[in-house]
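Coordinate inspection notes
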Number of protein chains: 2
Amino acid sequence: MHRFVLAAKQAAASLGCRSPGGGGNNTALRCATSLAVGRPPRGPRLPRPAREGTVRWSSAAKASAVKINEKASREKILTLESMNPLVKALEYAVRGPIVLKAGEIEKELRKGIKKPFTEVIKANIGDAHAMGQRPITFLRQVVALCTYPNLLDSPSFPEDAKKRARRILQGCGGNSLGSYTASPGINCIREDVASYIERRDGGVPADPDNIYLTTGASDGITTILKILVSGGGKSRTGVMIPIPQYPLYSAAISDLDAVQVNYYLDEENCWALDVNELRRSLKEAKAYCNPKVLCIINPGNPTGQVQNRKCTEDVIHFAWEEKLFLLADEVYQDNVHSEGCQFHSFKKILYEMGPEYYNNVELASFHSTSKGYMGECGYRGGYMEVLNLHPEIKGQLVKLLSVRLCAPVSGQAAMDVVVNPPIPGEESYSQFIKEKESVLNNLAKKAKLTEDMFNKIPGMHCNPLQGAMYAFPRIFIPSKAIEEAKVHKMAPDMFYCMKLLEETGICVVPGSGFGQREGSYHLRMTILPPAEKLKILLEKMKDFHIKFLEKYA
Amino acid sequence: MHRFVLAAKQAAASLGCRSPGGGGNNTALRCATSLAVGRPPRGPRLPRPAREGTVRWSSAAKASAVKINEKASREKILTLESMNPLVKALEYAVRGPIVLKAGEIEKELRKGIKKPFTEVIKANIGDAHAMGQRPITFLRQVVALCTYPNLLDSPSFPEDAKKRARRILQGCGGNSLGSYTASPGINCIREDVASYIERRDGGVPADPDNIYLTTGASDGITTILKILVSGGGKSRTGVMIPIPQYPLYSAAISDLDAVQVNYYLDEENCWALDVNELRRSLKEAKAYCNPKVLCIINPGNPTGQVQNRKCTEDVIHFAWEEKLFLLADEVYQDNVHSEGCQFHSFKKILYEMGPEYYNNVELASFHSTSKGYMGECGYRGGYMEVLNLHPEIKGQLVKLLSVRLCAPVSGQAAMDVVVNPPIPGEESYSQFIKEKESVLNNLAKKAKLTEDMFNKIPGMHCNPLQGAMYAFPRIFIPSKAIEEAKVHKMAPDMFYCMKLLEETGICVVPGSGFGQREGSYHLRMTILPPAEKLKILLEKMKDFHIKFLEKYA
């Protein structure tokens, strides 16, 4: 008999508790006095599994264990009350309550429970492959070659892919993707990123030493924010973010106990950023915090707006003037749909504004393998480029990155292909460019289709989807529905989206998850499903919305 | 002329500052009054790059820009003073100052600077592939098949690898490694992890719902610690960690502003854990914090000790009695070298202690693809298994994990192969088992070799390397050397290791990076270099140590 069990038995016996017989499965014995003396009471023995092998609990034994669990439980150490309050307060709508509900509904469908629909459409998250987009062949060839270098001898792989794979592997310890890399990332990939940035920005120089390979852009953004946040009370760091925003920002700010400072994008003007609004926001914020950081998402998420050159200059001048650290989230730089819109990186515009700006504004810019034409979310590939960081701060940055050792190396390899794709003359070029253009043209078509179809729905208005991969239409929710939402203790647009999910199987994220002006409601839907499916989706949303308006008229 | 530059020019002119002529490269104009009115002075124009193409700065222009940078700089927003003090305080010795120094020396070697050695040996980090260990063929085959599914049609890949790849891909959105997965990880992989745990633990049941796939074990450990830490002042959460420890723990505790509570492992007793020392540590800690968490590393890092069954039972009883949340870091579970030592998971021992323990003790156990026989550090694959977490806490955990979306999917795939390897009868089994045993036997041999060779060095003592992949010998440092270290403002063992690095090229981590009893000094060296190289290394260390003792006699 286990020695602790023996001690408990003796303790129980000495207190006059009923002592069960020898081993085997006895019914549970609860002896409060045993607990009081600090020894565990002699509870029922769980079936002893065989030392080796695959003995499984019988369902009876499992049920018995569950009952024991309920009976034997004492107060837990880790509870909602005792946990980290910052984590408790944190929210991330993109995978929040509506998505949990969608998961439950999917389970029910699998069990055969009848619904008004046969599948849940997950239009909540910017995940292109999940919606049927194919990976770029060349990218996967290079990563496969790096993964299993025997393939370097295979005639089925093109030479240009092999060349890149060899270069990456040479940068890896032991020529293996399985080695840790230096914490800022593999050097030759940082160099390739720098070259990419220079080409993209028409020759504006980029220093590989200012480039850090990260676990998706999220890792870079949260790392920089972490270093920036300090102070307490009214000196607590304020971080300016767009409303609506991608809720990584609010989550990170919440997590760091920093202060979220909202500036509103202008819905009447295609979600443009107005510097006067930045000024308004900053002025008010100074009363209760120390605003130090200005976050820009361009192209925008969820709004998709693409900043024009003048707007970016105005923002840079504002940041320069007000001494704000600039974060430029540019993960959708390859996703520009509207003619007349063009992506200009913050770095490039900053350079063109001359040395007083270029040598002083502290800037961190972010990119990722998750969006664009690649859609490689699962690889968690990304980079950040910093500018004008104090050298000692760069040392602190590397130190902080070193605790997680390095970004996943297969993701670093994927990022390398993104910044070092096939060029004209190379064997893989024509297939590559065909695949890339197909994805981007398709997205642009769906952007227009979605905008048009939403705008045909009475009680909905959708700004042009200038870029990114989302529609963020405004939805007019009747007062009766707002009242009923209150009864259910939900935000009105959450109530709307829950009903939409329950009646159509379409999962989108309510605007309250991203932020919006008081009294306005929106939803974010991705445009990633194939065009035919998207049309059906939009038709269903139209039908739902009309019914909803009628019901709550 | 750029409109901001024009405004600045006008401002400068109105203040009577010398106004340079039109465009082109003018020498820098510093006008303090211009700065005072808040407009950037008209500085020299940087060469305007071509709109498209690969225009590069001439070296003269670059030099000019650097000078401008020095002249035009103003006080930065992000400095050592303004940054997050928690980040500033954070340390991670495994990639700390000694490794930075090693990197500098490598640069010098590449430049052709003569040294007493031709290469730097990075024996500081547990990175097997970097030291020449080969990946497990089967693992890389499965991951390559998942990466580039065209290979599923290739005759060069065995059917058992293809079967696993298909299963993994079916669990991925769009059958692609590029999709985000559910935040806890791909379901079928969580199931495979649960099956692995059950087999490993002789049938003790594991619930896939209690399993989370993480970005290396580090991600799981820091996530759980983050949720656990709360309170302020004397109620601040205390986290008990072994001394010596793997400095992820101290870094995470520092980062969370939690309280580090040290318990000392017993060097006289092969680094064993003594529950009396746990009691001593806890009792003292209650005076200044709220100790809530007990971290165990088994097999140990850096010490390599493998806990025996009784020790683990004692620890579990202590945690149960004192209401401590148990973290069991078991990433070296496949690395047990000493005969007479065996790995017993905390989960298994907990189960065998009966329901009062098994249904109550809150436990999180961690594993990884980085160590063992796999050495797949770069994939950042890992999992944690939780037990007896409050259901609402599990919801909070998933919420926190969702902000980073998911662990890298190629790492999840690698983890799947680790828990679902070839079995007898499968085509790949014999090669797999050969490779696995070769790695593990080799490590065990090197463990013994290293222990023996260190113990032959006068002034060194090395406990048996029962497990893991490090030697942590005690080094006796003469008082004269301790004095000189003080002069250099270094810990004595850092001083020793720096000298070792400078004179032999061998990079190891001083014991002060892991913690040690006051007045004792150690260093941590990996046993990963190939046996022949390891012998040479150890000979060099012997020569160095003898010279060191003589020099500072």
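Since we're looking at a predicted model, the values are computed, not measured.

Turning our eyes to something else, we now look at the packing of helix α17 (residues 429-455) of chain B against helix α20 (residues 531-551) of chain B. All names here are of chain B. Put simply, α17 and α20 touch, their axes get as near as 10 Å, and they point 15° apart. Our classification of the angle between α17 and α20 gives roughly parallel. Once α17 is placed against α20, the crossing between them reads as right-handed. Between α17, through K446, L449, T450, M453 and F454, and α20, the contact on the second element is made entirely by A531, L534, K535, L538, E539 and M541. For the contact of α17 with α20, the class distribution of residues is seven nonpolar, one polar and three charged.

Another point: the pattern of salt bridges. Residues and elements named next belong to chain A. One pass over the structure, following the stated rule, counts 46 salt bridges over all chains. Across the pair E284 and R280 runs a salt bridge, and its minimum N-O distance is 3.1 Å. Here E284 and its partner R280 are both found in helix α11 (residues 275-285), four residues apart, which amounts to about one turn of the helix. Among the charged side chains, a salt-bridge network with shared partners connects R190, D209 and K394.

The subject of this paragraph is the sheet that holds strand β14 (residues 523-526) of chain A. Read across the sheet, three strands follow the order β10-β14-β13 (chain A) without closing on themselves; strand pairing throughout is antiparallel. Only two strands of the sheet have a single neighbouring strand rather than two, namely β10 (470-471) and β13 (509-510) of chain A.

Moving on: the UniProt feature "domain: Aminotransferase class I/classII large" (unreviewed entry) in chain A. Here the UniProt feature "domain: Aminotransferase class I/classII large" (unreviewed entry) sits at residues 141-540 of chain A. Taken end to end, residues 141-540 of chain A is 43% helix and 14% strand, and its first and last C-alpha atoms sit 39 Å apart.

Let us now look at unusual backbone geometry. For residues that are not glycine, phi is negative in most cases, and the peptide bond is trans in most cases. N298 of chain A connects to P299 of chain A through a cis peptide bond whose omega is -5°. Mapping P299 of chain A onto the fold places it in the loop between β5 (290-297) and α12 (309-322). For the peptide bond that leads from N301 of chain A to P302 of chain A, omega is 10°, which places it in the cis range. One can find P302 of chain A in the loop between β5 and α12. Unlike most non-glycine residues, L405 of chain B shows phi in positive territory, near 70°.

For the rest of this paragraph, the subject is the pairing of strand β2 (residues 211-215) of chain B. Residues and elements named next belong to chain B. Burial of β2 is extensive: five of the five residues sit out of reach of the surface. Where β2 lies against strand β8 (residues 381-387), five bridges are found, and the strand directions are antiparallel. Among the inter-strand pairings, I211 is bridged to a residue of β8, identified as E385.

Turning our eyes to something else, we now look at the sheet that holds strand β3 (residues 237-243) of chain A. Residues and elements named next belong to chain A. The strand order across the open sheet built from seven strands is β2-β8-β7-β6-β5-β3-β4, with neighbouring strands paired in mixed fashion. Edge positions in the sheet fall to β2 (211-215) and β4 (259-264), since each has one partner strand and no second. The mean inter-strand angle of the sheet, taken between neighbouring strand axes irrespective of direction, is 25°. Here helix α10 (residues 248-255) sits on the sheet and contacts β3, β4, β5 and β6 (325-329); the angle it forms with β3, its principal contact strand, is near 165°. Lying on the sheet, helix α15 (residues 391-403) is in contact with β2 and β8 (381-387); it crosses β2 at an angle near 25°.

Attention shifts here to helix α8 (residues 187-200) of chain A. Residues and elements named next belong to chain A. Between its first and last C-alpha atoms α8 spans 20 Å; for 14 residues at 1.5 Å apiece the expected length is 20 Å, and the two agree. Turning to α8, its buried residues number three or more, namely C188, I189, R190, D192, V193, A194, Y196, I197 and E198. Downstream of α8 by a residue or two, G202 has a phi angle that is positive, lying close to 65°.

Okay, the domain arrangement of chain A next. All names here are of chain A. If you check the domain split of chain A, you get domain 1 (90-119 + 432-552) and domain 2 (137-419). Computed over C-alpha atoms, the centres of domain 1 and domain 2 are 28 Å apart. Across the domain 1/domain 2 interface, buried area totals approximately 2,800 Å², and carbon plus sulfur atoms make up 56% of it. At the surface where domain 1 touches domain 2, the tally comes to zero salt bridges. Taken together, domain 1 and domain 2 are joined by 13 residue pairs in polar contact (both at pLDDT 80 or more). Counting residues per element, the side of domain 1 that touches domain 2 draws most heavily on helix α17 (residues 429-455), which supplies eight residues. When the residues that make up the side of domain 1 that touches domain 2 are grouped by side-chain class, the tally is 18 nonpolar, seven polar and six charged.

Turning next to the environment of C341 of chain A. Structurally, the position occupied by C341 of chain A is in the loop between β6 and α13 (346-352). Measuring from C-alpha to C-alpha, the distance between C341 of chain A and F514 of chain A comes to 24 Å, with 173 residues separating the pair along the chain.

Overall, the coordinates contain 19 cavities of 30 Å³ or more when judged by the stated rule. The space that makes up the largest cavity amounts to roughly 1,000 Å³. Around the largest cavity, the lining comprises 36 residues; the ones closest to its centre are D219, T222 and K226 of chain A together with D219 and T222 of chain B. Where the lining of the largest cavity is concerned, the elements lending two or more residues are α9 (216-228), α10 and α15 of chain A together with α9 (216-228), α10 (248-255) and α15 (391-403) of chain B. Across the lining of the largest cavity, the residue classes tally to 18 nonpolar, eight polar and ten charged.

All right, on to helix α5 (residues 97-110) of chain A then. All names here are of chain A. Taking 1.5 Å per residue as the helical rise, α5 with its 14 residues ought to reach 20 Å, and the 20 Å between its terminal C-alpha atoms agrees with that figure. When α5 is considered as a whole, its buried residues turn out to be I98, V99, A102, I105 and L109. Buried residues of α5 fall within an arc of 115° about the axis and therefore sit on the same side. Away from the buried face of α5 by more than 90 degrees, exposed residues P97, L100, K107 and R110 are located. Contact partners of the buried residues in α5: β1 (121-122), α19 (492-504), β12 (506-507) and β13. One or two steps after α5, the chain reaches G112, where phi turns positive at roughly 95°.

How each quantity is defined
- Residues numbered from 1 in each chain as written.
- Chains lettered and ligands numbered in written order.
- Predicted model: local features only at pLDDT ≥ 70, side-chain atom pairs only at ≥ 80, totals over all residues.
- Heavy atoms only, no water.
- Axes fitted to C-alpha atoms, helices over the stretch in contact; angles between N-to-C directions.
- Helix = DSSP H or I, 4+ residues; strand = E, 2+ residues; numbered from the N terminus.
- Parallel < 35°, antiparallel > 145°, perpendicular 65-115°, else oblique.
- Left-handed = near helix turned anticlockwise from the far one by under 90°.
- Contact = heavy atoms within 4.5 Å.
- Nonpolar A, V, L, I, M, F, W, Y, C, P; charged D, E, K, R; others polar.
- Salt bridge = Lys/Arg side-chain N within 4 Å of Asp/Glu carboxyl O.
- Pairing = 2+ DSSP bridges.
- UniProt positions renumbered as here; feature names shortened; annotations may be inferred.
- Buried < 20%, exposed > 50% of the residue type's maximum accessible area, 1.4 Å probe, protein only.
- Expected span 1.5 Å × (residues − 1).
- Domains from an automatic or database assignment.
- Buried area = accessible area lost by both parts, 1.4 Å probe.
- Polar contact = N/O pair within 3.5 Å; in protein donor to acceptor, adjacent residues only side chain to side chain.
- 1 Å grid on protein atoms, 1.4 Å probe; cavity = no way out; pocket = protein on both sides within 12 Å on 5 of 7 lines; lining within 4 Å.
- Points joined across faces, edges and corners; volume = space filled by probe spheres on them.
- Arc of directions from axis to C-beta.

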